[in-house]
Amino acid sequence: MNDFKAVVMTPQIYRYVREQAGHPTPVQEKLIARTAELGDSAEMQIPHEQAVLLSLLVKLTGAQTVVEVGTYTGYSTLAFAQALPPHGKVITCDVSAEWTAIAEEAWQAAGVRDRIDLRIGSAAETLAAMPEEPVVDLVFIDADKVGYAHYWDLLVPRVRQGGLLLADNTLYYGEAAGDQPEGNAAAIDAFNRFVRQDDRVESVLVPIADGLTFARKK
């Protein structure tokens, strides 16, 4: 298989890619800085260029209802909410009141708090309690890696035909592609194989950030 168009992401090339996404807004910059203060967990925040992509996908699909599994400090949630029409809604699930309190400050400052339905608690229980009608336009899974397949199974029936499902970290630092992945990387590898075999969707894994899987519900 020809791989002559594969580009190794050097720091210089990555800086160039980030430049093409434009600068974060003042609210985004403040949220990036506030999240960085949390230390090691800050790596869970999606990069700005990925947030720009998420916003574009909302606009391209005409999404009005977004379901997000894994809020953290709300950078991706903010990207979704800012791209939605005024009557749109992001239902976002997380277990941390501490981290999502930071998120809520940013959402309020950006003027989109009314578009966000934050649900604290088990994401699996939250999703299972949602109406079963296929009315969700776009899904973003970015939470505990061992739970991905279960979240996926709960969400696919609730996504409309032609709707979009996204799963983050599907390269898991590149470890998912290893010969014998372990821990979270093994869970992601199993999830990737699960998605490839799911005949309810058509999908592709794109090497942006830590890997992002796109799937369209048939």
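For the structure, see preceding data.
**Quick look at the pairing of strand β1 (residues 65–69)**
Working note: regular strand, side chains alternate between the two faces of the sheet.
Then comes step 1: Summarising burial for β1: four of the five residues are buried, a large majority.
Then comes step 2: Sheet topology places β1 next to strand β2 (residues 89–94); five bridges connect them, and they run parallel. The residue of β2 that forms the bridge with V69 is C93.
Then comes step 3: Here β1 pairs with strand β4 (residues 136–141) via four bridges, running parallel.

**Focus on the side chain of K145**
Then comes step 1: One can find K145 in the loop between β4 and α7 (148–155).
Then comes step 2: A polar contact of 3.0 Å, which involves the side chain of K145, links it to the backbone oxygen of A143.
Then comes step 3: A polar side-chain atom of K145 sits 3.0 Å from a polar atom in the side chain of Y148.
Then comes step 4: In contact with K145, not counting residues within four places along its chain, are N169, Y172, N184, A187 and I188.

**A word on the environment of D199**
Then comes step 1: When you line up the elements, D199 lands in the loop between α8 (183–196) and β6 (201–206).
Then comes step 2: Linking D199 and K217, residues 18 residues apart in sequence, is a C-alpha distance of 9.1 Å.

Rules and cut-offs
- Once a new chain begins, its residue numbering starts again from 1 and follows that chain's sequence as written.
- Reporting of local features is limited, given that this is a predicted model, to residues whose pLDDT is at least 70; pairs of side-chain atoms are given and counted only at 80 or more, and all residues count toward the totals for whole chains, interfaces and linings.
- Side-chain calculation: all heavy atoms of the structure are included, whereas hydrogens and water are not.
- Note on exposure labels: buried denotes an accessible area under 20% of the residue type's maximum, exposed denotes more than 50%, and partly exposed covers the range between, all computed with a 1.4 Å probe on protein chains only.
- A helix here means a DSSP run of H or I that spans at least four residues, while a strand means a run of E at least two residues long, and both kinds are numbered starting from the N terminus.
- Whether two strands pair depends on DSSP finding at least two bridges between them.
- Under the rule applied, a polar contact is a pair of N or O atoms within 3.5 Å (in protein, one hydrogen donor and one hydrogen acceptor; residues adjacent in sequence only if both atoms are side-chain atoms).
- Any two residues having at least one pair of non-hydrogen atoms within 4.5 Å are treated as being in contact.

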